[in-house]
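Structural overview
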Amino acid sequence: MRTTLDISGAPEAILEKAVKLGIARSKTEAIRQGIFALNKEYSIIKDLEMELVARKIILEKKEMKKKGEKYLSMEEALKPYGGLKDET
């Protein structure tokens, strides 16, 4: 997602100082760090890894539906590999 921000006043001074002090390499990086700090403070997304996995799966399903593709069954997926069996 691309977002354009116009930052001035106190937020701009904070971003510039964060870069000057070496806390962040750029103003953009300082904003990213601020977003993660916001999540940490308010627990907006409790399990970030699970959220990202879920979003990836949803995106993959949408792309597959658009292309008319379907998931392979475990048996179909293992078929090209001869005698391999699902051990789960």
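Every chain is numbered on its own, with residues counted from 1 as its sequence reads. Restriction of local features to residues with pLDDT of at least 70 applies here, the model being predicted, together with a cutoff of 80 or more for giving and counting side-chain atom pairs; totals for whole chains, interfaces and linings are based on all residues. Think of the side-chain values as coming from all heavy atoms in the structure, minus any hydrogens and water.

1. Considering the pattern of salt bridges
A pair is scored as a salt bridge if a Lys or Arg side-chain nitrogen falls within 4 Å of a carboxyl oxygen belonging to Asp or Glu. Summed over all chains, the structure comprises three salt bridges. Note that Lys27 and Glu16 form a salt bridge whose closest N and O atoms lie 3.8 Å from each other. With a gap of eleven residues between them, Lys27 in helix α2 (residues 27-42) and Glu16 in helix α1 (residues 10-20) connect regions that are remote in the sequence. Burial status follows relative accessibility: with a 1.4 Å probe on protein chains alone, a residue under 20% of its type maximum counts as buried, one over 50% as exposed, and anything between as partly exposed. Judged by its relative accessible area of 39%, Lys27 falls in the partly exposed class. Look at Glu16 and you get partly exposed, because its relative accessible area is 37%. A salt bridge links Glu51 to Arg55; the shortest N-O distance between them is 2.9 Å. Here the residue Glu51 and the residue Arg55 both occupy positions in helix α3 (residues 48-67), the gap between them amounting to four residues, near one helical turn. Overall, the relative accessible area of 53% leaves Arg55 in the exposed class. Helical segments are the DSSP runs of H or I of at least four residues, strand segments are the runs of E of at least two, and each set is numbered from the N terminus.

2. Some details on the confidence of the model for the protein chain
The quantity known as pLDDT measures the predictor's confidence residue by residue, on a range of 0 to 100. This prediction gives the protein chain a mean pLDDT of 93; 97% of its residues lie at or above 70. Helix α4 (residues 74-78) is the least confidently modelled element of the protein chain, averaging 86 in pLDDT, while α1 averages 98, the highest of any element.

3. Points about the packing of α1 against α2
Across the interface, α1 lies against α2 with an axial gap of 9 Å and an inter-helix angle of 105°. It follows from the interaxial angle that α1 and α2 lie roughly perpendicular. Between α1 and α2, the residues in contact are Leu15, Glu16, Ala18 and Val19 and Lys27, Ala30 and Ile31, respectively. Here the term charged refers only to Asp, Glu, Lys and Arg, the term nonpolar to Ala, Val, Leu, Ile, Met, Phe, Trp, Tyr, Cys and Pro, and the term polar to all other amino acids, Gly among them. Tallied by class, the residues present in the contact of α1 with α2 amount to five nonpolar, no polar and two charged. Each axis is a line fitted through C-alpha atoms, and for a helix only the stretch in contact is used; angles between axes span 0 to 180 degrees, taken between their N-to-C directions. Orientation is classified from the angle alone, with under 35 degrees giving roughly parallel, over 145 giving roughly antiparallel, 65 to 115 giving roughly perpendicular, and any other angle giving oblique. Contact between two residues is taken to exist if any of their heavy atoms lie within 4.5 Å; hydrogens are not considered.

4. Regarding a nonpolar patch on the surface
Patches here: salt-bridge-free residues with over 30% relative accessible area, like charges joined within 9 Å, nonpolar side chains (Val, Leu, Ile, Met, Phe, Trp, Tyr) joined within 5 Å. Note on areas: Shrake-Rupley, 1.4 Å probe, and residue coverage restricted to the protein chains presented here. A contiguous nonpolar surface patch, about 300 Å² in accessible area, is contributed by Phe36, Leu48 and Leu52. One can find Phe36 in helix α2. Take Phe36: its relative accessible area is 54%, and that puts it in the exposed class.

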